[in-house]
Amino acid sequence: MKNNRILLKNLLHLALILLGNAIYALAVTMFILPAGLITGGTTGLALFFFHQFGLPVTVFVSVFNVAAFLLGLWILGKKFALTTLVSTFFYPFILGVFQKIPALTQMTDDRLLCAVYAGLMIGLSIGIVIRAGASTGGMDIPPLVLNKKLGLSVSATMYVFDFTILLLQILFSDKEQVLYGILLVMIYTLVLDKVLLMGQSRTQVKIISQKYEQINEQIIRRLDRGSTLIQAQTGYCRAELPMILSVISNRELPRLTRLVNEIDPAAFLVVSAVKEVRGRGFSLSKEYR
């Protein structure tokens, strides 16, 4: 039973990697190539070295991709490297298939629309692949390594790299192309950030009430959520009483609000959004005692 679950999980990850690469190839076929848009990544860096030092693009891309792959293998592990190999071979194949369909290359002549839709699709595609535990290869790997080693945001690091590469291309590219390229990078890094955090955002609630014992018990029993009692002191009356801290899903907030109002309508609630939560009941399974 356990082996079947692992097999299904691996097949799901493989399907997501293929889907992500297919969406990326669609974005390139439908919007980037027809509009002549430029992007960051390995290709953009290769163009800079070609124009400045005469290094052939294919040579630079090949050497850089192999180096990035070996770095990913060393830092991120064998599973990551194997799944990245899937992207390495599947992406050019599916890109070639899409390019043979004339209807896909005749979407719009508006560069702005192409930049917007390409950004949306690329951000979605890279996010899907990364959430499946892989990458599209090349320039996607260094941000993942920095995330693991230094805890830096993947989307923010990718944005800095791509933005820098685009600025380097000002030396030899059409200035308007570079501006559209920057817009494209900004859109897909924003979308990527949303995709990576999708399903992980939660709501943090702080509750101050004289009836904290009843509220705390109901949170545990009726909402099946954990809580923490933090010793607090009111600012005006200097009354000492615990403050309840609990993290719940966004959908559970209305239920918690009703529960608190039933017990103490005068209770003071502070509600804030939390981007990511790790630990028991969220990234780890619950344990009941």
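Residues numbered from 1 in each chain as written. Predicted model: local features only at pLDDT ≥ 70, side-chain atom pairs only at ≥ 80, totals over all residues. Heavy atoms only, no water.

## Side note on the packing of aromatic side chains
1) Next: Applying the stated criterion to the full structure yields five aromatic pairs.
2) Next: Both rings, one in Y24 and one in Y91, keep their centres 5.4 Å apart while their planes meet at 80°; by these two values the pair is edge-to-face. With Y24 in helix 1 (residues 2–35) and Y91 in helix 4 (residues 78–99), this pair connects stretches of sequence that are 67 residues apart.
3) Next: Residue classification places Y91 among the partly exposed residues on the basis of a relative accessible area of 22%.
4) Next: Between the aromatic rings of F31 and Y117, the centroid separation amounts to 5.8 Å while the plane-to-plane angle is 20°, which identifies the pairing as stacked. Within this pair, whereas F31 is found in helix 1, its partner Y117 is found in helix 5 (residues 111–131), the two being separated by 86 residues in sequence. (Phe/Tyr/Trp six-rings, centres within 6.5 Å; stacked < 30°, edge-to-face > 60°. Helix = DSSP H or I, 4+ residues; strand = E, 2+ residues; numbered from the N terminus. Buried < 20%, exposed > 50% of the residue type's maximum accessible area, 1.4 Å probe, protein only.)

## With respect to the nonpolar core
1) Next: Grouped together as the largest cluster of nonpolar side chains are 46 residues, with contacts concentrated most on I32, I122, I130 and M158.
2) Next: At the level of secondary structure, the elements contributing two or more residues to this core comprise helix 1, helix 2 (41–53), helix 3 (57–76), helix 4, helix 5, helix 6 (141–150), helix 7 (154–168) and helix 8 (175–197).
3) Next: The element contributing the most residues to this core is helix 1, with nine residues.
4) Next: Beyond its immediate chain neighbours, meaning those up to four positions away, I130 contacts L144, V154, M158, L192 and L196.
5) Next: Formed by twelve residues, the second largest nonpolar core is a distinct cluster that contains I219, L256, L259 and V260. (Core = buried A, V, L, I, M, F, W, Y, C linked by side-chain atoms within 4.5 Å. Contact = heavy atoms within 4.5 Å.)

## Structural notes on the pairing of strand 1 (residues 202–208)
1) Next: Looking at chain direction, strand 1 and strand 4 (residues 268–274) are connected through seven bridges and run antiparallel. Note that in strand 4 the partner of I207 across the bridge is L269.
2) Next: Summarising the sheet, strand 1 and strand 3 (residues 240–248) pair through six bridges and their orientation is antiparallel. Bridging from a neighbouring strand, Q204 pairs with V247 of strand 3. (Pairing = 2+ DSSP bridges.)

## Structural notes on unusual backbone geometry
1) Next: Unlike most non-glycine residues, D224 shows phi in positive territory, near 55°.
2) Next: Along the polypeptide, D224 turns up in the loop between helix 9 (212–222) and strand 2 (228–233).
3) Next: Classification of D224 as partly exposed rests on a relative accessible area of 31%.
4) Next: Backbone geometry places R238, a non-glycine residue, at a positive phi of 60°.
5) Next: Residue position: R238 is located in the loop between strand 2 and strand 3.

## Some thoughts on the pairing of strand 3
1) Next: Taken together, the six bridges between strand 2 and strand 3 define a ladder with antiparallel strand orientation. Bridge pairing in strand 3 links T228 to L245.
2) Next: Linking strand 2 back to strand 3 in an antiparallel pair, the connection comprises six residues, with R238 at a positive phi of about 60°.

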